[in-house]
Amino acid sequence: MAEEYNLIHERVDDIPLLIGLAEQLRLPEILDKHIGNHGHHQGLSNGWLATVWLAYILSEGDHRKYSVEDWAEKHKHTLEQLVGQPIRQVEFNDDRLGIVLRRLSPPDTWEALEADLWTSTVAVYKIQMTGVRLDSTTTYGYHTTTQDGVMQYGYSKDHRPDLPQLKLMAAAAEPSGHLLASDVLAGDKADDPLYLPMIARVRRMVGETGLLYTGDSKMSALETRADIAVHKDYYLTPLPLKGKIKEHMAAWINAVVDGDQCAQLIWDQERLLGGGYEFERSLSTEVAGQRVEWIERVQVMRSLSLAKHEGEKLEQRLSKAEAELLSLTPEPGRGKRQHRDETGFQAAVTKVLEHHKVTGLLHITWEREEQRITHYVGRGRGGPNRPKKTEIHVRYVITGVQRNYLAIQNHKHRLGWRVYGTNLPVKRMSLTQSVIHYRGGWSLERDFHLVKDLPLGIRPLYVRRDDQITGLTHLLTLALRLLTLIETQVRHNLAQTGKQMSGLYEGQPSRKTTRPTGVRLLKAFARGEVTLTQIQMGEQHSWHITPLSSLQKQILAYMKLSPSLYKRLIENSS
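Because the structure is a prediction, the values reported are computed rather than measured. All residue numbers refer to positions counted from 1 along the written sequence of the respective chain. In keeping with the model being predicted, local features are shown solely for residues with a pLDDT of at least 70 and side-chain atom pairs are shown and tallied solely at 80 or more, while totals for entire chains, interfaces and linings include all residues. Heavy atoms from the whole structure form the basis of all side-chain values; hydrogens and water molecules are not counted.

Regarding the overall build of the chain
Argument step 1. What counts as a helix is a DSSP run of H or I of at least four residues, what counts as a strand is a run of E of at least two, and both are numbered from the N terminus. Of regular secondary structure, the chain possesses 19 helices and 16 strands.
Argument step 2. Based on C-alpha atoms, the radius of gyration is set beside the globule rule, defined as 2.2 Å times the residue count to the power 0.38. Against the compact-globule benchmark of 25 Å for 574 residues, the chain has a radius of gyration of 33 Å, which places it well outside the compact range.
Argument step 3. Over its C-alpha atoms, taken along the principal directions, the chain stretches across nearly 130 × 70 × 55 Å.
Argument step 4. Classification of residues uses two cut-offs on accessible area relative to the type maximum, computed with a 1.4 Å probe and protein chains only: under 20% is buried, over 50% is exposed, and between them is partly exposed. Scored against the burial criterion, the 574 residues of the chain give a buried share of 50%.
Argument step 5. Here, two residues are considered to be in contact whenever any of their heavy atoms come within 4.5 Å of each other. Considering only contacts within the chain whose residues lie at least 6 apart along the sequence, 68% involve residues at least 24 apart.
Argument step 6. Accessible areas in this description were obtained via Shrake-Rupley with a 1.4 Å probe; residue shielding takes into account the shown protein chains only. For the chain, the exposed area adds up to about 29200 Å²; of that, 49% sits on carbon and sulfur atoms.
Argument step 7. Separation of charge centres in the chain, based on 74 positive and 68 negative side chains, amounts to 7 Å. Here Asp and Glu are counted as negative and Lys and Arg as positive; His is not counted, and neither are the chain ends. A charged residue contributes its charge at one atom only: NZ of Lys, CZ of Arg, CG of Asp or CD of Glu.

Here we look at the packing of helix H15 (residues 442–452) against helix H16 (residues 466–497)
Argument step 1. At their nearest, the axes of H15 and H16 sit 10 Å apart, and the two run at 125° to each other. Between H15 and H16, the interaxial angle falls into the category oblique. Of the two elements, H15 crosses H16, and the hand of that crossing is right-handed. Here Trp-442, Arg-446, Asp-447, Leu-450 and Val-451 of H15 come into contact with H16, specifically with Leu-476, Leu-480, Leu-483, Thr-484, Glu-487 and Arg-491.
Argument step 2. All residues other than Ala, Val, Leu, Ile, Met, Phe, Trp, Tyr, Cys, Pro, Asp, Glu, Lys and Arg, Gly among them, are scored as polar; the first ten of these are nonpolar and the last four charged. Counted by class, the contact of H15 with H16 contains six nonpolar, one polar and four charged residues. Helix axes use the C-alpha atoms of the stretch in contact, all axes being lines fitted to C-alpha atoms, and the angles between their N-to-C directions lie in the range 0 to 180 degrees. Each angle receives one of four descriptions, namely roughly parallel if under 35 degrees, roughly antiparallel if over 145, roughly perpendicular if within 65 to 115, and oblique otherwise. Two helices crossing with the near one rotated counterclockwise from the far one by less than a right angle form a left-handed crossing, whereas a clockwise rotation gives a right-handed crossing.

Remarks on the packing of helix H3 (residues 46–60) against helix H6 (residues 94–104)
Argument step 1. Interhelical geometry of H3 versus H6 gives an angle of 100° and a closest axis separation of 10 Å. By the criterion of interaxial angle, the relationship of H3 to H6 is roughly perpendicular. Two secondary-structure elements touch here, H3 through Asn-46, Leu-49, Ala-50 and Trp-53 and H6 through Arg-96, Leu-97, Ile-99, Val-100, Leu-101 and Arg-103.
Argument step 2. The residue inventory of the contact of H3 with H6, partitioned by class, reads seven nonpolar, one polar and two charged.

Considerations on the sheet that holds strand E15 (residues 531–537)
Argument step 1. A pair of strands is treated as paired once DSSP finds two or more bridges between them. With respect to topology, three strands assemble into an open sheet ordered E1-E15-E16, the strand pairing being antiparallel. Strands at the two margins of the open sheet, each flanked by one partner only, are strand E1 (6–11) and strand E16 (540–545). Across the sheet, the mean angle from the axis of one strand to that of its neighbour is 20°, orientation sign disregarded.
Argument step 2. As paired elements, E15 and E16 share six bridges and run antiparallel to each other. Across the sheet, residue Gln-534 finds its bridge partner in E16, namely Trp-543.
Argument step 3. Contacting E1, E15 and E16, helix H5 (residues 76–83) runs over the sheet at an angle of about 65° to E1.

Focus: the nonpolar core
Argument step 1. Only buried Ala, Val, Leu, Ile, Met, Phe, Trp, Tyr and Cys residues count toward a nonpolar core, and they belong to the same one when joined by side-chain atoms within 4.5 Å. In this structure, Leu-17, Leu-134, Leu-180 and Tyr-566 are the most contacted members of the largest nonpolar core, which totals 118 residues.
Argument step 2. Within the second largest apolar cluster, 21 residues are counted, among which are Ala-348, Val-349, Leu-361 and Ile-364.

With respect to the side chain of His-356
Argument step 1. Structurally, the position occupied by His-356 is in the loop between helix H12 (342–355) and strand E10 (362–376).
Argument step 2. Pairing of N or O atoms within 3.5 Å defines a polar contact, subject to two protein rules: one partner must be a possible hydrogen donor and the other a possible acceptor, and residues neighboring in sequence count only if both atoms are side-chain atoms. Here the side chain of His-356 touches Glu-324 through a polar contact of 2.8 Å, side chain to side chain.
Argument step 3. Excluding its chain neighbours within four sequence positions, the residues that come into contact with His-356 are Arg-317, Lys-320, Ala-321 and Glu-324.

Observations regarding the packing of aromatic side chains
Argument step 1. Any pair of Phe, Tyr and Trp rings, taking the six-membered ring for Trp, is counted once the centres come within 6.5 Å. Such a pair is stacked with planes under 30 degrees apart, edge-to-face with planes over 60 apart, and tilted for the rest. A full pass over the atoms with the stated rule returns nine aromatic pairs.
Argument step 2. A ring pair is formed by Phe-525 and Tyr-566, whose centres lie 6.0 Å apart and whose planes are at 10°; its orientation type is stacked. With Phe-525 in helix H17 (residues 518–527) and Tyr-566 in helix H19 (residues 564–567), the pair connects residues that are 41 residues apart, well separated along the chain.
Argument step 3. Its relative accessible area of 0% is what places Phe-525 among the buried residues.
Argument step 4. The buried category is assigned to Tyr-566, whose relative accessible area is 2%.
Argument step 5. The structure contains a cluster of three or more aromatic residues connected by ring pairs, namely Trp-252, Tyr-277 and Phe-279.
Argument step 6. In our convention, an over-ring charge means Lys NZ or Arg CZ found within 6 Å of a ring centre and within 35 degrees of that ring's normal. The aromatic ring of Tyr-140 is capped on one face by Arg-160, whose charged end is 5.7 Å from the ring centroid.
Argument step 7. The cationic tip of Arg-511 hangs over the ring face of Tyr-505; the distance from NZ or CZ to the ring centre is 3.9 Å.

So, the sheet that holds strand E7 (residues 264–268)
Argument step 1. Read across the open sheet, the nine strands follow the order E4-E3-E2-E5-E6-E12-E9-E8-E7; overall the sheet is mixed. The open sheet has two free edges, formed respectively by strand E4 (179–186) and E7, since each of these has just one partner strand. Adjacent strand axes in the sheet meet at a mean angle of 25°, parallel and antiparallel pairs treated alike.
Argument step 2. With 14 bridges connecting them, strand E8 (residues 271–287) and strand E9 (residues 290–303) associate as antiparallel partners. When the sheet's bridge partners are listed, Ser-284 is paired in E9 with Glu-293.
Argument step 3. Packed on one face of the sheet, helix H10 (residues 243–257) meets E8, E9 and strand E12 (417–422) and runs near 115° to E12.

A word on helix H8 (residues 195–206)
Argument step 1. In this model, H8 (12 residues) spans 16 Å end to end at C-alpha, consistent with the 16 Å of a helix rising 1.5 Å per residue.
Argument step 2. Of all the 12 residues making up H8, nine are buried; the element is thus mostly covered by neighbouring parts of the structure.
Argument step 3. Within H8, the full set of buried residues consists of Tyr-195, Leu-196, Met-198, Ile-199, Arg-201, Val-202, Arg-203, Met-205 and Val-206.
Argument step 4. Residues of H8 that are buried sit in contact with helix H7 (107–125), strand E2 (129–140), strand E3 (165–175), E4, strand E5 (212–214) and helix H9 (222–230).
Argument step 5. A positive backbone phi angle near 65° is found at Gly-207, which sits one or two residues after H8. By this rule the span expected of a helix is its residue count minus one, scaled by 1.5 Å.

Structural notes on the side chain of Gln-165
Argument step 1. Position of Gln-165 among the secondary structure elements: in strand E3.
Argument step 2. Relative accessible area serves as the criterion here: at 1%, Gln-165 is assigned to the buried category.
Argument step 3. From its side chain, Gln-165 meets the backbone oxygen of Tyr-155 in a polar contact 3.0 Å long.
Argument step 4. Once residues lying within four places of it in the same chain are set aside, the contact partners of Gln-165 are Thr-138, Thr-139, Tyr-140, Val-150, Met-151, Gln-152, Gly-154, Tyr-155, Ser-156 and Gly-187.

Structure follows, in structure tokens:
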């Protein structure tokens with residue numbers, strides 16, 4: 001009679017890659033150093049608890065606490081082999097994960113942790129950094145606001161003003177876009193005051209000056225620019241249309257439109273981006289009681305894409321204004337309001353033009369209509385000697401609305417203009433390079449999209465207490481670092497070798513790319529269904545693991561990770 005045997009399967013997929021990457025960055029060690037463990041703590045340290053939780057988040061696309069325990073039990077052998085410690089069933093219960101979040105939440109702890117992680121990351125992957133990109137975003141949850149709580153109502157960048165939110169301020173290294181530092185703040189905080197503290201943090205982390213800090217117009221406060229200049233750093237930011245900039249903007253644009261100022265065409269290889277010019281001005285202000293003076297390059301630029309977009313918006317406003325003007329004077333009838341006073345009629349026309357911002361762009365023709373009605377005075381039947389009275393009914397009628405095409409064309413020449421300010425010397429970055437550099441700031445925006453969408457899915461947050469909300473947000477930014485590191489390193493190595501990668505797209509096995517996303521790279525392991533199998537025959541146990549494909553080995557190689565991460569799951573197993 002044949003001996004019976006049992007098969008026990010564990011899906012491994014991308015878990016060894018994720019934990020191997022975390023180990024390579026010394027993440028468990030760094031976490032333990034900064035978040036520590038209670039004196040009576042038993043089992044896995046908080047650093048390893050957080051590391052395994054990160055693997056769960058990225059592998060399963062779920063950051064909720066309650067399901068981690070079951071997942072860890074299903075992958076018990078895999079995790080024990082990777083971590084090198086026994087995994088108890090209670091390791092990943094809600095209370096222990098809550099403790100991890102609480103210990104991750106203090107700002108001082110978090111800042112020191114990020115600094116050490118950046119040092120470790122640079123040591124492993126030699127991430128190039130020529131500058132820093134700064135920006136902020138918001139994310140919401142179904143929470144009840146409390147005084148001084150992190151979840152507050154504010155201007156929502158997620159188009160959910162009905163829900164409380166937190167604000168995430170972040171800095172990323174350029175050109176890679178790898179996240180350097182992040183701050184979790186109350187959702188009602190203004191953006192402008194957040195830049196200087198973040199810049200100071202980055203300056204301490206990297207330990208060098210002369211970096212270019214790039215941000216949107218909320219970074220353009222004079223105090224912020226002065227602080228950057230006094231620390232011998234550089235900035236590049238759009239200048240808002242207010243104050244002196246607003247006063248001079250029309251003259252700066254007219255100088256080009258009227259032909260008094262030559263404009264330089266801005267090309268990105270074969271694509272025309274727009275044109276503009278620059279000039280220098282002296283600025284001075286006080287920083288901490290010290291007078292600071294510096295030279296700023298003012299760059300007056302017209303973007304073709306922005307001009308096209310604003311031109312389309314103008315056409316929409318013109319069409320709406322035309323329709324609204326013609327509807328001001330309908331034919332007489334029941335419920336049809338008529339304009340019988342010239343002053344009121346002119347005010348109504350002006351209101352429409354100003355509302356749609358098309359004053360001077362439309363020519364309106366109108367006329368005054370009179371209707372004379374004669375009737376007998378008093379009641380009763382009329383006669384030849386009965387006195388009569390004539391009433392004059394006046395109404396004002398718009399007879400036509402024509403576009404002033406010359407004025408419209410002149411107006412369109414003044415669309416798409418923006419002003420940038422930088423203290424970077426021309427020899428470091430020309431006008432063309434400045435424009436291309438600022439336009440290339442999609443990486444941090446994309447990081448925000450990644451942290452909001454799957455697999456991280458920060459919105460909505462499924463924890464309630466402020467310390468857990470902050471801790472979970474910190475944890476998800478660590479997951480973001482791992483995800484983007486996988487992506488940037490694979491892309492960098494593909495560019496270095498001049499190769500393309502295929503096999504990442506479902507149903508398109510031959511489709512190639514040089515810019516794979518981190519999500520698709522992880523899916524390459526999930527779609528390969530890498531599985532660990534235990535074969536039990538009586539008292540004898542043996543193990544088998546699905547062989548890695550050439551694509552999976554290639555991804556590991558680009559990440560400086562060995563296939564032995566997977567082989568060790570079946571080595572020393574009994």
